[in-house]
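Understanding the architecture of this molecule
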Amino acid sequence: VRLAESGGGLVQPGGSLRLSCAASGFTISRYDMSWYRQAPGKERELVAAITSAGGSTNTADSVKGRFTISRDNAKNTVDLQMNSLKPEDTAVYYCNAKSVRGMWTNVYWGQGIQVTVSS
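All of the points below concern the structure found in this document. (Residues numbered from 1 in each chain as written. Predicted model: local features only at pLDDT ≥ 70, side-chain atom pairs only at ≥ 80, totals over all residues. Heavy atoms only, no water.)

Right, let's talk about the nonpolar core for a bit. Counting residues in each nonpolar core, the largest one holds 30 residues, and the members touching the most others are M33, W35, L80, M82 and Y93. Looking at this core, the elements that each hand over two or more residues are strand 3 (17-24), strand 4 (32-38), strand 5 (45-50), strand 7 (67-72), strand 8 (77-82), strand 9 (91-101) and strand 11 (113-117). Among residues more than four places away in sequence, those in contact with Y93 are E5, L19, W35, Y36, R37, V47, F67, L80, M82, G112, I113 and V115. (Core = buried A, V, L, I, M, F, W, Y, C linked by side-chain atoms within 4.5 Å. Buried < 20%, exposed > 50% of the residue type's maximum accessible area, 1.4 Å probe, protein only. Helix = DSSP H or I, 4+ residues; strand = E, 2+ residues; numbered from the N terminus. Contact = heavy atoms within 4.5 Å.)

Okay, here's the thing in structure tokens:
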């Protein structure tokens, strides 16, 4: 079971990046998918989430209107489109998969990918 993030890097303020998370070893269609981030010295925080069927999304107030989460269950991927990036968006971004079935909960994390917003 693996979640592999890609698409991070260095970008100037105001720029855009698209993160992608590819799942292997399991099918994401039964999982709610999320992106989290953790900046140096800060706690990990939820950035955006999307339900298993993709019918509902949620984004943090700090990124609302700038970041969009989407998923492609057929490709087993979830993306995070990040526009109008700010220096405060600098963090390690993590992909998360969560499934709750009765008393069973499965949670998977990617290893994270660095996003740096700087001029």
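Right, let's talk about the side chain of S34 for a bit. Tracing the chain through its elements places S34 in strand 4. Here S34 falls in the buried class, since its relative accessible area comes to 9%. Apart from residues lying up to four places away in sequence, S34 is in contact with L46, A48, A49, I69, Y94, C95 and N96.

Here S99 lies in strand 9. Once you skip the residues sitting within four places of it in the chain, S99 turns out to touch R30, Y31, W104, T105 and N106.

Moving on, we get to the pairing of strand 3. A regular strand places its side chains so that they alternate between the two faces of the sheet. Side-chain alternation along strand 3 places L17, L19, C21 and A23 on a buried face and R18, S20, A22 and S24 on a face that remains uncovered. Sheet topology places strand 1 (residues 2-6) next to strand 3; 5 bridges connect them, and they run antiparallel. Residue pairing across strands places L3 opposite A23, the latter belonging to strand 3. In this sheet, strand 8 lies alongside strand 3 in antiparallel orientation, the contact comprising 6 bridges. Bridge pairing in strand 8 links C21 to V78. (Pairing = 2+ DSSP bridges.)

All right, on to the packing of aromatic side chains then. Within this structure, the stated rule accounts for 5 aromatic pairs. With centroids separated by 4.9 Å and ring planes inclined at 65°, the aromatic side chains of F26 and Y31 adopt a geometry described as edge-to-face. Exposure class is identical for F26 and Y31. Each is buried. Centre to centre, the rings of Y31 and Y108 are 5.8 Å apart; their planes meet at 35°, and the pair counts as tilted. Linking Y31 in the loop between strand 3 and strand 4 with Y108 in strand 10 (residues 104-109), this pair joins segments that are 77 residues apart in sequence. We classify Y31 as buried; its relative accessible area is 9%. In textbook terms, an aromatic cluster arises when at least three aromatic residues are bridged by ring pairs, as seen for F26, Y31 and Y108. Across from the ring centre of Y94, 3.7 Å away, lies the NZ or CZ of R44, which sits over that ring. Directly above the aromatic system of W109 lies the positively charged group of R44, at a separation of 4.6 Å from the ring centroid. (Phe/Tyr/Trp six-rings, centres within 6.5 Å; stacked < 30°, edge-to-face > 60°. Lys NZ or Arg CZ within 6 Å of the ring centre and 35° of its normal.)

Just distances and angles here, no functional claims.
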